[in-house]
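# An overview of the molecular structure
Read off the chains here:
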Amino acid sequence: GAGVSQTPSNKVTEKGKYVELRCDPISGHTALYWYRQSLGQGPEFLIYFQGTGAADDSGLPNDRFFAVRPEGSVSTLKIQRTERGDSAVYLCASSLSGGGVVYGYTFGSGTRLTVV
Amino acid sequence: GEDVEQSLFLSVREGDSSVINCTYTDSSSTYLYWYKQEPGAGLQLLTYIFSNMDMKQDQRLTVLLNKKDKHLSLRIADTQTGDSAIYFCAETLNDYKLSFGAGTTVTVRA
């Protein structure tokens, strides 16, 4: 597609539930990134995919968070047993190749997750 | 918390210049960025500067880099109402990871 698409744009869930957030990167972009932006803060790195594999998942806060990219295109961020502290905007970005700092990132509009 | 620091708010009169300041921490950062975020929208890359440059100008935007003090600034000339947004400074931690500041909310008043 023309840009990075994230769905849903808004998600409200109850504490303890499971959620999936989807990211559809720009066609042909091999690198994909997830960031989390809490209220009043800048985005924080979660995970980086190069193709199908997670090259760096050091930013995932705990084992309730998991992300996949099975065919090297669409990615899904999965959160189990959601907690109120997980409420944030989850941003996805893609770049033409790894090394987004050179090739440039394109960010999606994000999914606003609210855990009640 | 972030290692990149920015002032949180800036109010500027329409037509004046805005200057947003940022202090970063990693002297090995190869690129430094300014992103703009409007309500309900994703991050839009405004401009970037390579670490071996002192200044970069792009139309109404001027970026100044002081590597010795690890200080980055963004000047917006002739600020317009459409410039009202949150501006994020970001440094590169490696060739794929960015570290962002908390953002500066710029309000343009008539």
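Refer to the preceding data block for the structure.
Before going into details, it helps to say that this report is about the structure given with it.

Rules and cut-offs
Residues numbered from 1 in each chain as written. Chains lettered and ligands numbered in written order. Predicted model: local features only at pLDDT ≥ 70, side-chain atom pairs only at ≥ 80, totals over all residues. Heavy atoms only, no water. Pairing = 2+ DSSP bridges. Helix = DSSP H or I, 4+ residues; strand = E, 2+ residues; numbered from the N terminus. Contact = heavy atoms within 4.5 Å. Salt bridge = Lys/Arg side-chain N within 4 Å of Asp/Glu carboxyl O. Polar contact = N/O pair within 3.5 Å; in protein donor to acceptor, adjacent residues only side chain to side chain. Nonpolar A, V, L, I, M, F, W, Y, C, P; charged D, E, K, R; others polar. Buried < 20%, exposed > 50% of the residue type's maximum accessible area, 1.4 Å probe, protein only.

### Looking at the sheet that holds strand 1 (residues 5-6) of chain B
Residues and elements named next belong to chain B.
- Ordered in space as 1-3-8-7-6, the five strands form an open sheet in which the pairing is antiparallel. Where the open sheet ends on each side, the last strands, each with one partner, are strand 1 and strand 6 (55-58).
- Pairing analysis gives two bridges linking strand 1 to strand 3 (residues 18-23), with the strands arranged antiparallel. Bridging across to strand 3, Gln-6 finds its partner in Cys-22.

### A word on the interface of chain A and chain B
- Taken together, the contacts link 20 residues of chain A with 19 residues of chain B.
- At the junction of chain A and chain B, the tally comes to one salt bridge.
- Of the charged contacts, one joins Asp-56 of chain A and Lys-97 of chain B as a salt bridge, the two residues approaching to 3.4 Å between their closest N and O atoms.
- Taken together, the connections running from chain A to chain B amount to six residue pairs in polar contact (both at pLDDT 80 or more).
- Where the side of chain A that touches chain B is concerned, the elements lending two or more residues are strand 4 (31-37), strand 5 (44-50) and helix 1 (100-103) of chain A.
- When grouped by side-chain class, the residues that make up the side of chain A that touches chain B number ten nonpolar, nine polar and one charged.

### Side note on the pattern of salt bridges
All names here are of chain A.
- Taken as a whole and judged by the stated rule, the model has seven salt bridges over all chains.
- With its nearest N and O atoms 3.8 Å apart, the salt bridge here joins Asp-24 to Arg-22.
- On the basis of relative accessible area, Asp-24 is assigned to the partly exposed category, the value being 27%.
- Via salt bridges that share partners, Arg-64, Glu-83 and Asp-86 belong to a single interconnected network.

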